[in-house]
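Report on the structure
Residue-level listing of the chains:
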Amino acid sequence: MKKVVKFGGSSLASAEQFRKVRDIVLAEESRRYVVPSAPGKHFNGDTKVTDLLYQCYYAAANGEDFSGLMKQIRTRYEEIIEGLELELSLDDEFEKISENFKNRAGSDYAASRGEYLNGILLSAYLGYPFVDAAEVIRFDGNGEFDADTSNCLLGKRLEDTPNAVIPGFYGAYEDGAIKTFSRGGSDITGSIVASAVEADLYENWTDVSGCLVADPRLIQDPAVIDIITYKELRELAYMGATVLHEDAIFPVRKAEIPINIRNTNRPNDKGTMIVARTCHRPDYTITGIAGKKGFVAVNIEKDMMNSEIGFCRRVLSEFEKQGISIEHMPSGIDTMTVIVHRDEFEAHEQQVLAGIQRAVNPDYLDVEGDIALIAVVGRAMKSTRGTAGRIFSALAHANVNVKMIDQGSSEWNVIAGVRDEDFEKAIRAIYDIFINTQL
């Protein structure tokens, strides 16, 4: 069996955490390729190394004295090295980084050095070869990830390398200039490596014991999801669930490689398995609940709207003209509602409304702000009668007024629109009826 294991910043924030990581990696021979993040916070109020690198670089780029910030970064790594009693010096690396900062090598280069240095450190601690991601993760001239080239480079480099450490978060253009993924991109690197080496499993180690049914900031000690499909995770990630970087799903999904979300601090917990498909029956009717605030509903009414060919197209074209993406569009015979992000809509509000008035001459046109959307997702919902009824019964008992309802054709998710002020109350009510009560 062949596994790729990725460790997040909290898992590599101190010497103590490094020891946990080493124990995990060496506990199973199948854990062959390791993808580290940069050191995260190791106490409340601490600053992540990546954030310090950004500050340091911008100071250098502006001609300011950055020696104090660089010393702070250097101290973080030296504390880990000393704590692990490693015979390792990063002096040459820090000298090179300082010189490149002075020469304005770019913010992507600066941000990537956290993972780069941690990769060197972890490879020395594990005794595994270090493979610089800049040599095997490729971006094209437009800054887009080049999957085919990266797959080829990684596959060739690791073909005769049974174990390796490949730092996450960054790669390079053809000319060697560093390019990073978006924040949290080490998840993506792990997924890319797993796909390239045709791994049997991609383990993503973090500080939680898997994906949770609901946001722990809203629900105290929410239940852990044992098994979730890529499709369910995609729905929840879109609506705000953030355990795994959204883009990290696609390389392994294409290859149908399962992902296992695990907790570095509780390695015996099974965590959450993310799979392409499963016959596993979940413990609850729903798999998860997620949501976001800050939407706007544009309500349109017109008699005989359904018989007017091209009506919806003309309405939606007014949003397209202003570069506004549509989130949801529930409709009736003579009504339709277009849900959009408030941040995108506000700057173009009057142009859109005037355009709709001219395009379709509605009987009624109204805008309703401060809408929150809540997604209730679960593969078991399709085969369970009365699921939607229970959702709206729970909301009614909590005195939450439902402004909008939308259900996907797959019957795996129900979207409910409520007022922003009712968002937290609605999440708790739905969680209570499906998880705590389980009627």
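Description of the structure in this document.

Thresholds applied
- All residue numbers refer to positions counted from 1 along the written sequence of the respective chain.
- Note on the predicted model: pLDDT of at least 70 is required for a residue's local features to be given, and 80 or more for side-chain atom pairs to be given and counted; whole-chain, interface and lining totals, by contrast, use all residues.
- In computing side-chain values, all of the structure's heavy atoms are included and hydrogens and water are not.
- Note on aromatic contacts: the rings of Phe and Tyr and the six-membered ring of Trp form a pair at centre separations within 6.5 Å, being stacked when their planes are under 30 degrees apart, edge-to-face when over 60 apart, and tilted otherwise.
- Only DSSP runs of H or I covering at least 4 residues are called helices, and only runs of E covering at least 2 are called strands; the numbering of each starts at the N terminus.
- To sort residues, take the accessible area from a 1.4 Å probe on protein chains only and compare it with the maximum for the residue type: under 20% means buried, over 50% means exposed, and anything in between is partly exposed.
- Given a helix with a known number of residues, its expected span is that number minus one, times 1.5 Å.
- An arc is given here, and it is the one of the directions from the helix axis to the C-beta atoms.
- In this description, contact between two residues means that some pair of their heavy atoms is separated by no more than 4.5 Å.
- A strand pair is defined by DSSP finding two or more bridges across the two strands.
- Using a 1 Å grid laid over the protein atoms alone, points where a 1.4 Å probe fits but cannot get out form a cavity; open sets with protein on both sides within 12 Å along at least 5 of 7 lines form a pocket; any residue with an atom within 4 Å of a point counts as lining.
- Grid points are joined across faces, edges and corners, and a volume is the space filled by probe spheres set on the points.
- Just so you know the grouping, Ala, Val, Leu, Ile, Met, Phe, Trp, Tyr, Cys and Pro go in nonpolar, Asp, Glu, Lys and Arg go in charged, and all remaining residues, Gly too, go in polar.
- Take the seven residues that end at a residue and the seven that start at it, fit an axis to each, and the angle between those axes is the bend at that residue.
- Here, a salt bridge means any side-chain nitrogen of Lys or Arg that lies within 4 Å of a carboxyl oxygen of Asp or Glu.
- Here, nonpolar core refers to any group of buried Ala, Val, Leu, Ile, Met, Phe, Trp, Tyr and Cys residues whose side-chain atoms link them within 4.5 Å.
- Interaxial angles span 0 to 180 degrees and are taken between N-to-C directions of axes, which are lines fitted to C-alpha atoms, for helices over the stretch in contact.
- Orientation is classified from the angle alone, with under 35 degrees giving roughly parallel, over 145 giving roughly antiparallel, 65 to 115 giving roughly perpendicular, and any other angle giving oblique.
- A crossing counts as left-handed when the near helix is turned anticlockwise from the far one by less than a right angle, and as right-handed when that turn is clockwise.

1. Observations concerning the packing of aromatic side chains
- Taken as a whole and assessed by the stated rule, the structure comprises 13 aromatic pairs.
- When the centroid spacing of 6.0 Å and the interplanar angle of 20 degrees are considered together, the rings of F7 and W205 count as stacked. With a gap of 198 residues between them, F7 in strand β1 (residues 3-7) and W205 in strand β6 (residues 201-206) connect regions that are remote in the sequence.
- For W205, a relative accessible area of 1% gives the class buried.

2. Remarks on helix α12 (residues 349-360)
- Taking 1.5 Å per residue as the helical rise, α12 with its 12 residues ought to reach 16 Å, and the 17 Å between its terminal C-alpha atoms agrees with that figure.
- Buried within α12 we find V352, L353, G355, I356 and V360. Relative to the axis of α12, the buried residues are bounded by an arc of 160 degrees and lie together on one face. Of the exposed residues in α12, the ones pointing more than 90 degrees away from its buried face are Q350 and R358.
- For α12, the elements touching its buried residues are β10 (288-301), α10 (311-321), α11 (342-345) and β12 (364-377).

3. Describing the sheet that holds strand β8 (residues 259-263)
- The seven strands are arranged β3-β2-β1-β6-β8-β9-β7 in an open sheet whose pairing can be described as mixed. In this open sheet, the two edge strands, each paired with only one partner strand, are β3 (164-165) and β7 (227-229).
- Pairing between β6 and β8: five bridges, direction parallel. The partner of E203 across the bridge, within β8, is N260.

4. Considerations on empty space enclosed by the protein
- Evaluation of the coordinates by the stated rule reveals one cavity of 30 Å³ or more.
- Taken as a whole, the largest cavity holds about 110 Å³ of empty space.
- Surrounding the largest cavity, V213, V224, I225, D226, I227, H280, P282, D283, Y284, I286, T287 and R379 form its lining.
- Residue composition of the lining of the largest cavity, by class: seven nonpolar, two polar and three charged.

5. Notes on unusual backbone geometry
- For R104, which is not glycine, the phi torsion reads 55 degrees and is therefore positive.
- Its identity as a non-glycine residue notwithstanding, F169 has a phi of 85 degrees, on the positive side.
- Within the secondary structure, F169 is located in the loop between β3 and β4 (170-172).

6. Notes on the pairing of β12
- Examined bridge by bridge, β10 and β12 share 11 bridges and lie antiparallel to one another. The partner of A290 across the bridge, within β12, is A375.

7. A look at the pairing of strand β14 (residues 413-419)
- By the criterion of burial, β14 is predominantly enclosed, with six of the seven residues buried.
- Bridge count for β12 against β14 is seven bridges, and the pairing is antiparallel. When the bridges of β14 are listed, I374 appears paired with A416.
- Looking at chain direction, strand β13 (residues 404-407) and β14 are connected through four bridges and run antiparallel. The residue of β14 that forms the bridge with D406 is I415.

8. A closer look at helix α5 (residues 107-126)
- Taking 1.5 Å per residue as the helical rise, α5 with its 20 residues ought to reach 28 Å, and the 30 Å between its terminal C-alpha atoms agrees with that figure.
- The largest bend in α5 amounts to roughly 35 degrees and is located at R113.
- The element α5 is largely enclosed, with a buried count of 17 among its 20 residues.
- Following α5 by one or two positions, G127 adopts a phi angle in the positive range, close to 80 degrees.

9. Describing the pattern of salt bridges
- All told, the structure shown has 24 salt bridges when counted by the stated rule.
- One salt bridge connects E308 with R314, and the closest N-O pair in it is separated by 2.6 Å.
- A residue is classified by how much of its surface remains accessible, and E308, at 26% relative accessible area, is partly exposed.
- Connected via shared salt-bridge partners are K3, E28, R31, E203 and R262.

10. Focus on the nonpolar core
- In terms of nonpolar packing, the biggest core is built from 118 residues, with V4, F7, V34, F101, L158, I166 and V193 touching the most fellow members.
- Ignoring any residue separated from it by four or fewer positions in sequence, one finds F101 in contact with L53, C56, Y57, A60, F66, M70, Y109 and A110.
- The next biggest cluster of nonpolar side chains, apart from the first, holds 16 residues, and it includes I300, M305, V338 and I356.

11. Points about the packing of helix α3 (residues 67-84) against helix α4 (residues 91-102)
- Running from N to C, α3 and α4 cross one another at 155 degrees; their axes reach a closest spacing of 12 Å. In terms of axis orientation, α3 runs roughly antiparallel to α4. Relative to α4, the crossing made by α3 is right-handed. Counted together, M70, I73, R74 and Y77 of α3 and D91, F94, I97, S98 and F101 of α4 form the full contact between these two elements.
- Across the contact of α3 with α4, the residue classes break down as six nonpolar, one polar and two charged.

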